Amino acid sequence: AQKVTQAQTEISVVEKEDVTLDCVYETRDTTYYLFWYKQPPSGELVFLIRRNSFDEQNEISGRYSWNFQKSTSSFNFTITASQVVDSAVYFCALSDSGGGADGLTFGKGTHLIIQP
Amino acid sequence: NAGVTQTPKFRVLKTGQSMTLLCAQDMNHEYMYWYRQDPGMGLRLIHYSVGEGTTAKGEVPDGYNVSRLKKQNFLLGLESAAPSQTSVYFCASMRAAYSKKLFFGSGTQLSVL
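Each chain has its residues counted from 1, running along the sequence as written. Lettering for chains starts from A, numbering for ligands starts from 1, and both go in the order in which the items are written. Only residues with pLDDT of at least 70 are given local features in this predicted model, and only at 80 or more are side-chain atom pairs given and counted; all residues enter the totals for whole chains, interfaces and linings. As a rule here, side-chain values cover all heavy atoms of the structure and leave hydrogens and water aside.

**Considering the pairing of strand E10 (residues 88–96) of chain A**
Residues and elements named next belong to chain A. Burial runs high along E10: 8 of the 9 residues are buried. Two elements, E10 and strand E12 (residues 110–115), share 3 bridges in a ladder whose sense is antiparallel. Bridge pairing links Ala88 to Leu112 in E12. Only strands joined by at least two bridges in the DSSP assignment are considered to pair. Secondary structure elements follow DSSP: runs of H or I of four or more residues count as helices, runs of E of two or more count as strands, with numbering from the N terminus. Note: E10 against strand E11 (residues 105–106), 2 bridges, orientation antiparallel. Directly across from Ala93, in E11, lies its bridge partner Phe106. Think of it in three bands: residues with accessible area under 20% of the maximum for their type are buried, residues over 50% are exposed, and the middle band is partly exposed, with areas taken using a 1.4 Å probe on protein chains only.

**Considering the interface of chain A and chain B**
Frequently, the measure chosen for interface size is the accessible area that the parts lose on association. Here a residue-residue contact requires only that any non-hydrogen atoms of the pair lie within 4.5 Å. Listed by partner, the interface residues are 21 residues for chain A and 19 residues for chain B. For any pair of parts, buried area is found by adding up, for both, the accessible area (1.4 Å probe) each one loses once the two are put together. Of the roughly 1600 Å² buried between chain A and chain B on both sides combined, carbon and sulfur atoms contribute 60%. Salt bridges are defined as contacts in which a side-chain nitrogen from Lys or Arg sits within 4 Å of a carboxyl oxygen from Asp or Glu. Inspection of the chain A/chain B interface yields 0 salt bridges. Polar contacts here mean pairs of N or O atoms no more than 3.5 Å apart (in protein, one a potential hydrogen donor and the other a potential acceptor; neighbouring residues in sequence count only if both atoms are side-chain atoms). For the pair chain A and chain B, the number of links is 3 residue pairs in polar contact (both at pLDDT 80 or more). Among the elements that take part in the side of chain A that touches chain B, strand E5 (residues 32–39) of chain A stands out by supplying 4 residues, more than any other.

On their own, these measurements won't tell you what the molecule is for.
Right, dumping it as structure tokens:
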């Protein structure tokens, strides 16, 4: 069975600080996909990144970066120089290789609060 | 581009009432999903469909029924609403299994009194 754990329920930092959101996953598959979604106060779910299990390269997109480590089953997300607009709930999710038909398994989310 | 559209956006029901949530996608996607989001629980899969005329149960299917009569539409029904079904409901679609990317609707806030 798949499982995604986001141990940090809520994080509060002051603007311009760096912040890392942790994600630990469990799967028996050797091929799987990991995702991060952002849910701002408006409520919609915004896709941020997809990473497959064969690609362990870290990725950077502007102020966002992702650290994928298979050895620790983690896919952590770092925001550099945080801004108030980064305030949102962030979800980590996992999809295995079994056709992917049964969608994603989500973590419970981390509520990130960026204080001005 | 409409993408994934959910109707209604808000609804209040009394216990025991029935209703149907509609999800429509204009991207010709094969797969469609219904999730519910509850505080501190993340998103949990209710039902999904891998194509027109097919449906399957997800993690939390009890109390819900679904239908996929047309490829572009995925309906979620509550036959007898209960307060435990108060939640935010999200519909999502995916082009095919290999794409691994879900496109979400904007959500439906349902309150059952």
